[in-house]
Every structure is written in structure tokens, then in C-alpha cells.
Amino acid sequence: MSKTALTTDAARDAHGNPGGLLEQANDVFDSIVDLRRDLHRHPEIGNHLPRTRERVLEALEGLPLDLTLHETTSGIAAMLTGDKPGPTMLLRADMDALPMPEDTGLDFSSTVDNTMHACGHDTHTAMLVGAARILAARKSDLPGRVLFMFQPGEEGWNGATEMLNEGLLEVGTESPVTGAFAIHAASNIPGGFLGLKPGPLMASSDSMEIVVTGRGGHGSAPHFTIDPVPIACEIVQALQTMVTRRIDVFDPGVVTVTQIHTGTASNVIPETAWINGTIRALSEKTRRRIHDGIRRVAEGVAAAHEASVEVTVKLGYDVTVNDADYAMFTADVATAIAGDRNVRIMDNPVMGAEDFSYVLNRVQGAMTFLGLMPGGMDIMKAAPNHSNRAVYEETQMRRGTALYAAMALRHLGVPLT
Ligand SMILES: [Zn+2]
């Protein structure tokens, strides 16, 4: 884990990169671009991605891997066992797309209606296949094992938990999985740039539903009714006061109401109003405080106006927490691959969510963001992940491929020379 050992010139090859990993990533580059474009053309959504799995298996064909095809999902667990004993490292790529149209104009745009790889998961999958090729070629002197986790269903389907429940980490007691690493591409971070931080990296993501029930009636005579409309509005305002007054600013959370539905006509007071929204937090403590606060505020406001209310909080993904030491270890390895100037310890987490959180709840590890913004683009104008216009720069997939491989090698104790 020594930074100096990784970044001295002695650890770099004649081309200036450690262990020649970037050259090796370059050797597999054409094939991973082909795979990425094929997946991009034929995106699939959710936990069942039959075509994607087929393509990934084809791309792994011939490599000395023990494959486990998951049954509850299209997940693939591929184990590379080095010829020498040692620890086991997990590398993860997600493979699913999003239900949305694509408007990038790329000549390998999606051919599937309302389905797009707008979160870069096609690049993750291709980079991990590239790393599998590089590492498989070193099997004879690999002291340990690498478990390649190709997971479906990251976009809200909890594919990671499905794979964990199906025994992903049950790899024998002799050499349990002791490290986990994932890359997430970002279409609005400069190309090749790597960003991560120790501790919380991404938020928990829960949703709430509040149904206010009053008594309907004529719009001209509200005193004969219990009008749920102003009560719903008051709840929305009071939720923001709750967040700013009751949640520690240094352990923050977000409550955003995204939908209010009620009413049918200008002269009818409806019986119910329906409120929906998202809840984000960076710790379990704040997450629970917000859940309690939403219930308290909604029930209190409704009671003040003699209405009734039903509050449902649906749990989404947990907070994604990078192990503090492992994040710094990852930063060192990333620095060896990308150079000091391209690795940044982020000041703040991102309030999006990830189901890699469930892997990190079980195994120490880290996730890092990889910039794949096309060159020459303005960071403020680049279409972000999940945009119908998000474009990912393929050239920098070399760096991600090399980093996946480097993380496994370093975890297994192999110096990058
Ligand atoms: Zn994603």
C-alpha cells in the first residue's frame, strides 16, 4: 500500500506506465470498443439481459475462467484462479441500460425503442472484459484469484443484492473475497480523470409516498369540507423546514417532492391529495432521522387540519461507503496508472445511489469515477449520465481497463513493474 513504491519511475515501463498495463489495455482496445458498441446498439433493461449475457460470454470465451451463470438474474460470476495461492479480489461491472430514448446521433446508437445505455454501463462491461483478458494472460504468475462480477439491474433493480443472495461471495473459506473495486464512468467529467473519496461516496436513495385524505365538496364552500390541497402544500413546505432545522448540516440529507397529484375540476374540492418524492442521505443515522421526520411532519400537519394521512417510505439503495484505507490505496494505484494530475480526492460525495453499496457493506473496497467526457467539450455543457444526449469517450476506456487490472494485481500483492 505504499504510495512511493507505486509511483517511482522504477515502477514504470519504458513507455512511462507501470507494468505496461496501458499497452496491454491498448492491445485489447479494439475488441473492447467492438463489444461496447455492440452492447450500446442492443441495450437491455433490468435483471434479465439475455443478449448482453450472451455477448459477454462470447467475449470471455477461451479465457481460463470458472463461470457461474446466475439463475435469478443474468449475472455472471467469472473466477480467474492464479497458479499461485493468494487472496481473492472482486472487480465489478454493471451491464444494464435505461428506459429512455437515445438522441446522441452516434452511428452505433441504440436500435431498441426507448432503451439507451445512458449511464455508461456498456463501457464498464467492456473495460472489465478487457481487464479479464489482461489478467488471464498472467495466470501462471498470479498469486491469488480475481472474481469478475458482471451484474444486471443496477438501475433500480438491485441486481447486486440478487447476485449476493445467490452466493456471489461463497467462494470457499480458504481464500475469501477480501477486496472489491468498481469503476463508474461519467460523461461530464474530463476524459481520463479519476475521482474518489474515502467514506460515503454516494447517497442512500429511498422514496416516499404521502396520501392526505380529507373530505371533498363544493369549491365555493370549503367550510363544509376538509380540503386536502392546502394541507398537502403545507406538508411539502414543512418537510423542507424539517430537513433544514432537524438534520445536521455536516451529515446532510435531501428531501425532494417531485409529484403532487390531486383534483379533477376547478369547482370540486377533492377528497385526497397524493405526494411523492425522493429521500437522500449519507449516513444511516440521517436516513432514519429523515424517515421519522417525514412521518412526524405529515401526521402533525394533517392532524392540525383534521385530515388523515398515510405515509409510506420505500427503502432503496444503501449509502455507498468507500473503506477509508482502501480508498487511499485505490488513489495510489490510480495515480500510478493515470499520474498525479488526473487523480482527485473529491471534496464531496455524489447524491446519486449505487447498489455496489451492498458489496461494500460486505467486503472492504472502493468505487471510483472515471471521466469519459469527449475532448474539447465544456464541462458545464456536456450531457451528464442519464441524459438522452450523453456521449462517452472511448479512448479513455484504456485507462479504466488498466486500472481494473492494476487494482487486482496490487490487491494480490503484485508490484506494478
Ligand atoms: Zn450507472
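Structure shown above.
Quick caveat: nothing in here was measured; it's all calculated off a predicted structure. (Residues numbered from 1 in each chain as written. Predicted model: local features only at pLDDT ≥ 70, side-chain atom pairs only at ≥ 80, totals over all residues. Heavy atoms only, no water.)

Residue-level account of the overall build of the protein chain, with values.
Within the protein chain one finds 11 helices and 16 strands. Against the globule reference of 22 Å for 417 residues, the protein chain gives a C-alpha radius of gyration of 24 Å, in line with a compact fold. A principal-axis box enclosing the C-alpha atoms of the protein chain has dimensions of 85 × 45 × 45 Å. Expressed as a percentage of its 417 residues, the buried residues of the protein chain come to 55%. Across the protein chain, contacts joining residues at least 24 apart in sequence account for 81% of those joining residues at least 6 apart. (Helix = DSSP H or I, 4+ residues; strand = E, 2+ residues; numbered from the N terminus. Rg over C-alpha atoms; globule rule 2.2 N^0.38 Å. Buried < 20%, exposed > 50% of the residue type's maximum accessible area, 1.4 Å probe, protein only. Contact = heavy atoms within 4.5 Å.)

For the sheet that holds strand β1 (residues 65-69), give the residues involved together with the corresponding values.
Two pairing modes exist for strands in a sheet, parallel and antiparallel, and in both the strands are linked by backbone hydrogen bonds. As summarised here, the arrangement of the 8 strands in space is β1-β2-β4-β3-β5-β16-β6-β15, forming an open sheet in which the pairing is mixed. One side of each edge strand has no neighbouring strand; the edge strands of this open sheet are β1 and β15 (343-345). Sheet twist, expressed as the mean angle between neighbouring strand axes with direction ignored, is 25°. Where strand β3 (residues 84-94) and strand β5 (residues 177-190) come together, 5 bridges link them in parallel fashion. In the strand pairing of β5, L90 is matched with A180. (Pairing = 2+ DSSP bridges. Axes fitted to C-alpha atoms, helices over the stretch in contact; angles between N-to-C directions.)

Summarise helix α9 (residues 324-338); cite the residues concerned and give the values.
With 15 residues, α9 should cover 21 Å at 1.5 Å per step; its first-to-last C-alpha distance of 21 Å lies within 8% of that length. Most of α9 sits out of view: 12 of its 15 residues are buried. Taken together, the buried positions of α9 are occupied by Y326, A327, F329, T330, A331, D332, V333, A334, T335, A336, I337 and A338. A side-chain oxygen of the first residue of α9 lies 3.2 Å from the backbone nitrogen of D325; this N-cap is D323. Just past α9, the residue G339 takes up positive phi, approximately 85°. (Expected span 1.5 Å × (residues − 1). Polar contact = N/O pair within 3.5 Å; in protein donor to acceptor, adjacent residues only side chain to side chain.)

Pulling in residues and values, what's your account of the coordination of the zinc ion?
In the first shell of the zinc ion, the protein supplies C119 (SG), H121 (NE2) and H184 (NE2), at 2.2 to 2.3 Å from the metal. Written as a sequence motif, the donor residues of the zinc ion are C-x1-H-x62-H. (Donors = N, O, S within 2.8 Å, 3.2 Å for Na, K, Ca; no water.)

Outline the pattern of salt bridges, supporting the account with residue identities and numerical values.
Close approach of charged atoms lets side chains of opposite charge pair. Taken as a whole, this structure holds 14 salt bridges when the rule is applied. Put simply, R51 and D38 hold a salt bridge, and the shortest N to O gap is 2.9 Å. Of this pair, R51 sits in helix α4 (residues 50-60) while D38 sits in helix α3 (residues 29-41), and the two are 13 residues apart along the sequence. Residue class for R51 comes out partly exposed when judged on its relative accessible area of 30%. Taking the shortest distance from any N to any O, the salt bridge between R55 and D38 comes out at 2.8 Å. Of this pair, R55 sits in helix α4 while D38 sits in helix α3, placing them 17 residues apart in sequence. (Salt bridge = Lys/Arg side-chain N within 4 Å of Asp/Glu carboxyl O.)

If you had to explain the packing of α9 against helix α11 (residues 397-411) to someone new, which residues and values would you point to?
Contact pair α9 / α11: the axes reach a minimum separation of 9 Å and the direction vectors enclose 125°. Judged by the angle between their axes, α9 and α11 are oblique. Relative to α11, the crossing made by α9 is right-handed. Each of Y326, F329, T330, V333, A334, I337 and A338 in α9 lies in contact with α11, whose residues at this interface are R399, A402, L403, A406, M407, R410 and H411. When grouped by side-chain class, the residues that make up the contact of α9 with α11 number 10 nonpolar, 2 polar and 2 charged. (Parallel < 35°, antiparallel > 145°, perpendicular 65-115°, else oblique. Left-handed = near helix turned anticlockwise from the far one by under 90°. Nonpolar A, V, L, I, M, F, W, Y, C, P; charged D, E, K, R; others polar.)

Provide a residue-level description of helix α5 (residues 121-136), including the pertinent values.
Across its 16 residues, α5 extends 22 Å between first and last C-alpha, which sits within 8% of the 22 Å expected from 1.5 Å per residue. Counting buried residues along α5, 15 of its 16 residues qualify, which places the element largely inside the surrounding structure.

An account of the sheet that holds strand β10 (residues 253-262) is requested, with residue identities and associated values reported.
The 4 strands are arranged β10-β12-β8-β13 in an open sheet whose pairing can be described as antiparallel. Two strands in the sheet have a free side with no partner beyond their single neighbour: β10 and β13 (308-317). If you compare each strand with its neighbour and ignore which way they point, the axes differ by 15° on average. Where strand β8 (residues 204-213) and β13 come together, 8 bridges link them in antiparallel fashion. Of the residues in β13, the one forming a bridge with I210 is V311. The sheet contacts of helix α8 (residues 284-304) involve β8, β10, β12 (272-281) and β13, and relative to β13 the element is tilted by about 165°.

It is worth stressing that arrangement in space is one thing and function is another; only the former is reported here.
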